[in-house]
Amino acid sequence: MLPTLRQLQYLKLLAEHASFSRAAEAAHVSQPALSSGVQELERILGAPVVERTRGRVTLTAVGAEAVRRAEDVLARTEDLVEAARNAGRPLTGRLRLGVIPTVAPFLLPRRLPGLKAAYPGLKLFIREDLTPRLVAALKAGHLDAAVIALPYAATGLDHARIGDDAILAAAPVGHRLDQPGPLRPGAMRSEDLILLEDGHCLRDQALAAFDIEAPKGDDVFAASSLHTLVQMVSSGLGVSFLPEMAVKAGLADDAGVVVRALETEGRAPVPRREIVVAWRAGSSRAAEAHLLAEALKLD
């Protein structure tokens, strides 16, 4: 015998909620029904998948591996259902889209009206989150696609290009970097930097592009968002990096901030990040992800 999709779904919900009662509620079944399904799964696998202790449920090693594989099976099954329902009608029905915070407020307001006009049958559900959590959600089948920035190391994903987004320097007015023309390489120093908090991929991409080591110590300023970052720069607390799409959207229009590009030598590339739509490798929604990337293209 093979496990059923329902049994795998029960196990996945049990892993998420660590409680038979809450998992049963999420599955819209009675607790005895869910418990019976998990027990039958254990008989099929020939090993326990959970350890039942008072007030808590813990996965066994077999259970953890089963959940990992079940997530892939269930995600592909959901892809199959969506593909069948929307056959011949691309970007129709539900699409769960993740977007990183350094892109969402600057790209989506400009592009979503056109996307909805081109695909009126699309029901878009958007989740804004950091890249590591969006990638995990893609692989677990909780998202259908995600707008992220490269370079970022993530196996098991394919992607379609939206466009390049230059990384610019931002400094307070009156700072030594407040001069006309592009910055020469090495003009920015790590001790002057204010960065986004750990987890924002723009932080690491900017440091790598400008060849600067992250500042160390307990007194280093870190911002939770680009809006906070601009306010900190405007207050004279230091210098930082901003994506070009945010600057074009007016984020750096503050009178206390000056934005500068980096001067490149020879054939050195302009510091940039590549914005893409990513999806699970093998997903039946790959063609739709390509259409989505076209609809979200940068100017």
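Everything in this summary refers to the structure shown in the same document. (Residues numbered from 1 in each chain as written. Predicted model: local features only at pLDDT ≥ 70, side-chain atom pairs only at ≥ 80, totals over all residues. Heavy atoms only, no water.)

## Describing the layout of surface pockets
Convention followed: A pocket here means an open set of points on a 1 Å grid, computed over the protein atoms alone, that has protein on both sides within 12 Å along at least five of seven lines. A cavity is instead a set of points where a 1.4 Å probe fits but cannot get out; residues with an atom within 4 Å of a point line either one. Grid points are joined across faces, edges and corners, and a volume is the space filled by probe spheres set on the points. For the purposes of this entry, the term helix denotes a DSSP run of H or I that reaches at least four residues, the term strand denotes a run of E that reaches at least two, and both are numbered from the N terminus. Each residue is assigned to one of three groups, with Ala, Val, Leu, Ile, Met, Phe, Trp, Tyr, Cys and Pro labelled nonpolar, Asp, Glu, Lys and Arg labelled charged, and all others, Gly among them, labelled polar.
Empty space within the largest pocket amounts to approximately 310 Å³. What lines the largest pocket is a set of 13 residues, among which Leu-5, Arg-6, Gln-9, Leu-74 and Glu-78 lie closest to the centre. Going through the elements one at a time, helix H1 (5–17), helix H2 (20–27) and helix H4 (61–85) are the ones with two or more residues in the lining of the largest pocket. Broken down by element, the lining of the largest pocket gets its largest block of residues, six residues, from H1. Of the residues contributing to the lining of the largest pocket, the split by class is five nonpolar, four polar and four charged.

## As for the packing of H1 against H4
Angle between the axes and distance between the axes: these two values describe a pair of packed helices. As a reminder of what qualifies: Fitting a line to C-alpha atoms yields each axis, with helices limited to the stretch in contact; the angle taken between N-to-C directions then spans 0 to 180 degrees. In this scheme, roughly parallel covers angles under 35 degrees and roughly antiparallel covers those over 145, while 65 to 115 is roughly perpendicular and the rest are oblique. Crossing chirality is assigned from the near helix's rotation relative to the far helix, an anticlockwise turn below a right angle marking it left-handed and a clockwise turn marking it right-handed. Any two residues whose heavy atoms approach within 4.5 Å at even a single point are treated as in contact.
At a minimum axis separation of 9 Å, H1 and H4 run at an interaxial angle of 120 degrees. Compared by their axis directions, H1 and H4 come out oblique. Remark: the crossing between H1 and H4 carries left-handed chirality. Across from Leu-5, Leu-8, Gln-9, Leu-11, Lys-12 and Ala-15 in H1, the residues of H4 making contact are Gly-63, Ala-66, Val-67, Ala-70, Glu-71, Val-73, Leu-74 and Thr-77. When its residues are assigned to classes, the contact of H1 with H4 shows nine nonpolar, three polar and two charged.

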